[in-house]
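What follows is the residue order along each chain.
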Amino acid sequence: MARIVVLGAALGGLQTALLLAQDGHEVTVLERDPRPPPSDTELAWSQWPRPGIAQLRQTHLPLARWLQLAEAHLPDLVREMTEAGAVRMNVLAPEPAFHGPLLAGDERFDTLAARRSLLESAATRVAQGAGIRIGRGTACRGLRSSRGPRIPSGGASGDRVPLVTGVETHAGGTAADLVVDCTGRRSQLPSWLRAIGVPCAVDESGRRGFTYYSQYFRSADGAMPTDRFPLVVEHGSLGLLRIPADHGTYSLCLIGRSDDQQLRRALRNERAWSAAVRLFPGADRWLDGRPVTDGTRIMAGLTDRRRLLYDTQRPLVTGLVAVGDAWAITTPTVGRGLAMSLRHSLLLRETLRRTGTAHPVELVTRFAEATRDSLGRVYERTAAYTRHRLAEMDAHTAGTVYRNPDWIRAKALALLARRDTDALRAERAAAHLLPGARDVLRAPALADAVTRLVPEVEQHVPPGPSRADLLKAIHS
Ligand SMILES: Cc1cc2nc3c(=O)[nH]c(=O)nc-3n(C[C@H](O)[C@H](O)[C@H](O)COP(=O)(O)OP(=O)(O)OC[C@H]3O[C@@H](n4cnc5c(N)ncnc54)[C@H](O)[C@@H]3O)c2cc1C
């Protein structure tokens, strides 16, 4: 069994540590932030200083795929989260387009709704219960490395690839057979790699991205508003998330373009923020709750970015892998981060079962292949979504309509899903990364039905306020 150092004790790192410890590996987690989460849910929300997770108090909902994977591989984690108050919710049921009833099999659309601080706190308790060592206040500052193994075959035969043999922290070094970077979206991995002579390229969907303007509320009676509501609505240059959470809390989150200066200036103001929320039909009732965040929380630059660390022909480095956000971040509006991260951790465990750590080139090459085959397309589809949606927002701001054929097809599928519950199931299954969902979308009957709606979508003028109406509402 291997000595494994996992960097980062947030959900991604803890899930990875738990999965690898299940296989008997000796796992140590190093975490930059010093304080463990309070076990009291409300204190974890209001008091826990956690600069290492900038998005801790931002709107979160894991995809249904995350819950499926967690129930199959980390049932204690799901139990602990549920006991702490996370709510099992079916993502089909609240959709206004869903014409029930829920059928056998629809439980695949279940997920756990909770504030991120509750998920973190529960995961910490489960990791501690499993005997995982967490070194808090111990930031990784760099990598230890040796010349590394020769690449056994291929054009560059005889070349050596650096082998990471541990990490450096202020307290000294920690040796490892494998270092797993789970330090998230702000991972310093590219500079650590450069310091040992390894270049690491980055692939981005665009420089701009989205900005979240979010608030959490608690309903007076501890229940959600009873009307049906879409979890996400995209309208013109603004979007709205309505996301239930634990203990009667829920989040309202406006989404704009990060370079939309007019919105950025205005939406800091409480009254303007509420006025913008009210532009979405039915959302005004959600403003009746008691705020549990102090004002609007703003996070900008939310985009897709992937580190091209994994070359399936020739590894750049061995003895080290990056998992979850440290490998790739995706735009959060589609909520894929936690599901992709857990899938990535599982791929690492499966790869380690096949290769062990004694053959470092084999390990990183097989992990590169698994990452490409299982998550590469998901990343690319998410980056394509971001480009289209930003272009649509640009067009709306300019008073025009974005008419890209791929985007129109996506809109036609969304329109069909509003009219036909089976199409809604197919569309939601793909959005929640459920197994087999892409094949269902490609089925001829569904594809033809989408094609028939394309002319209607092309003629369609999107409902809702114009850009001028939006600006008037937030400035009055
Ligand atoms: C605004 C926003 C909303 C989101 N909404 C959703 C959603 O609804 N659904 C969803 O599935 N995903 C969502 N995501 C994505 C999700 O938050 C991430 O996928 C998830 O946080 C990844 O977890 P992680 O543990 O890999 O990284 P992080 O949560 O970023 O944690 C990284 C950890 O590494 C530690 N660390 C950093 N540097 C070092 C170092 N040098 N040494 C040691 N430790 C270090 C940090 O302190 C932290 O504990 C959202 C993201 C954002 C930004």
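Residues numbered from 1 in each chain as written. Predicted model: local features only at pLDDT ≥ 70, side-chain atom pairs only at ≥ 80, totals over all residues. Heavy atoms only, no water.

Draft legend 1. Summary view of the site of the ligand. Around the ligand there are 36 residues in total, and Glu31, Arg50, Leu61, Arg116 and Asp325 lie nearest to it. Glycine 12 places a main-chain nitrogen or oxygen 2.8 Å from an oxygen atom of the ligand. Here a nitrogen atom of the ligand and a backbone polar atom of arginine 32 are 3.1 Å apart. When the ligand is considered free in solution it has 1,000 Å² of accessible area, and contact with the protein chains removes 96% of it. Looking at the shell around the ligand, the elements that each hand over two or more residues are helix H1 (11-22), strand S2 (26-31), strand S16 (297-302) and helix H9 (337-355). A per-element tally of the shell around the ligand places H1 first, with three residues. A breakdown of the residues in the shell around the ligand according to their chemical character gives 15 nonpolar, 13 polar and eight charged. (Near = heavy atom within 4 Å. Polar contact = N/O pair within 3.5 Å; in protein donor to acceptor, adjacent residues only side chain to side chain. Areas by Shrake-Rupley, 256 points an atom, 1.4 Å probe, with all protein chains shown as cover. Helix = DSSP H or I, 4+ residues; strand = E, 2+ residues; numbered from the N terminus. Nonpolar A, V, L, I, M, F, W, Y, C, P; charged D, E, K, R; others polar.)

Draft legend 2. Examining the packing of aromatic side chains more closely. Scanning the model with the defined rule gives seven aromatic pairs in all. Ring geometry for tryptophan 45 and tyrosine 216: centres 4.8 Å apart, planes at 65 degrees, overall edge-to-face. Remark: tyrosine 216 occurs in strand S11 (residues 210-218) and tryptophan 45 occurs in helix H2 (residues 41-46); sequence separation between them is 171 residues. Each member of the pair, tryptophan 45 as well as tyrosine 216, carries the same accessibility label: buried. Aromatic side chains tyrosine 250 and tryptophan 286 sit 5.0 Å apart centroid to centroid with 85 degrees between the ring planes, which places their arrangement in the edge-to-face category. Of this pair, tyrosine 250 sits in strand S14 (residues 249-257) while tryptophan 286 sits in the loop between helix H8 (270-278) and strand S15 (290-291), and the two are 36 residues apart along the sequence. (Phe/Tyr/Trp six-rings, centres within 6.5 Å; stacked < 30°, edge-to-face > 60°. Buried < 20%, exposed > 50% of the residue type's maximum accessible area, 1.4 Å probe, protein only.)

Draft legend 3. The arrangement of the environment of arginine 3 in detail. One can find arginine 3 in strand S1 (residues 3-7). By relative accessible area, arginine 3 is classed as partly exposed at 35%. Distance from arginine 3 to glycine 166, taken between C-alpha atoms, is 9.8 Å for residues 163 residues apart in sequence. Setting aside anything within four residues of it in sequence, one finds arginine 3 in contact with Glu26, Ala175, Ala176, Asp177 and Leu178. (Contact = heavy atoms within 4.5 Å.)

Draft legend 4. Broad picture of the sheet that holds strand S8 (residues 172-175). Strand order in this open sheet of three strands is S6-S7-S8, and the pairing throughout is antiparallel. Bordering the open sheet on either side are strand S6 (140-146) and S8, each of which pairs with just one other strand. Within the sheet, the average angular offset between the axes of one strand and its neighbour, ignoring direction, is 35 degrees. Where strand S7 (residues 163-169) meets S8, four bridges bridge the pair, whose relative direction is antiparallel. Within S8, the residue paired with valine 167 across the bridge is threonine 174. (Pairing = 2+ DSSP bridges. Axes fitted to C-alpha atoms, helices over the stretch in contact; angles between N-to-C directions.)

Draft legend 5. Spatial organisation of the domain arrangement of the protein. Once the domains are mapped, the protein shows domain 1 (210-302) and domain 2 (399-468). One C-alpha centre belongs to domain 1, the other to domain 2, and the line joining them spans 25 Å. Taken together, the contacts link six residues of domain 1 with four residues of domain 2. Summing both sides of the interface, domain 1 and domain 2 together bury roughly 510 Å²; the carbon and sulfur share of this comes to 41%. The partner of arginine 467 in a salt bridge is aspartate 260, and the shortest N-O contact between them spans 2.9 Å. Run the count over domain 1 and domain 2 and you get four residue pairs in polar contact (both at pLDDT 80 or more). Residues of the side of domain 1 that touches domain 2, tallied by class, amount to two nonpolar, three polar and one charged. (Domains from an automatic or database assignment. Buried area = accessible area lost by both parts, 1.4 Å probe. Salt bridge = Lys/Arg side-chain N within 4 Å of Asp/Glu carboxyl O.)

Draft legend 6. Spotlight on the packing of H9 against helix H10 (residues 360-397). Where H9 contacts H10, the axes come no closer than 9 Å and their chain directions differ by 150 degrees. Here H10 runs roughly antiparallel to H9, going by the angle between their axes. The crossing of H9 and H10 is right-handed. Mapping the contact onto sequence places Met340, Arg343, His344, Leu347, Leu348, Thr351, Leu352, Arg354 and Thr355 in H9 and Glu362, Leu363, Arg366, Phe367, Ala370, Thr371, Ser374, Leu375, Val378 and Tyr379 in H10. (Parallel < 35°, antiparallel > 145°, perpendicular 65-115°, else oblique. Left-handed = near helix turned anticlockwise from the far one by under 90°.)

Draft legend 7. Representation of the pattern of salt bridges within the structure. As enumerated under the stated definition, the model contains 35 salt bridges in all. Here glutamate 392 ties to arginine 389 by a salt bridge, and the two come within 2.6 Å at their closest N and O atoms. Of the two residues, glutamate 392 and arginine 389 are both situated in helix H10; the distance of three residues between them amounts to about one turn of the helix. Assessed through its relative accessible area of 17%, glutamate 392 is described here as buried. For arginine 389, a relative accessible area of 2% translates into the label buried. One salt bridge in this structure joins glutamate 427 and arginine 428, with 3.0 Å as the shortest N-O distance. As far as burial versus exposure is concerned, glutamate 427 and arginine 428 are alike and both buried.

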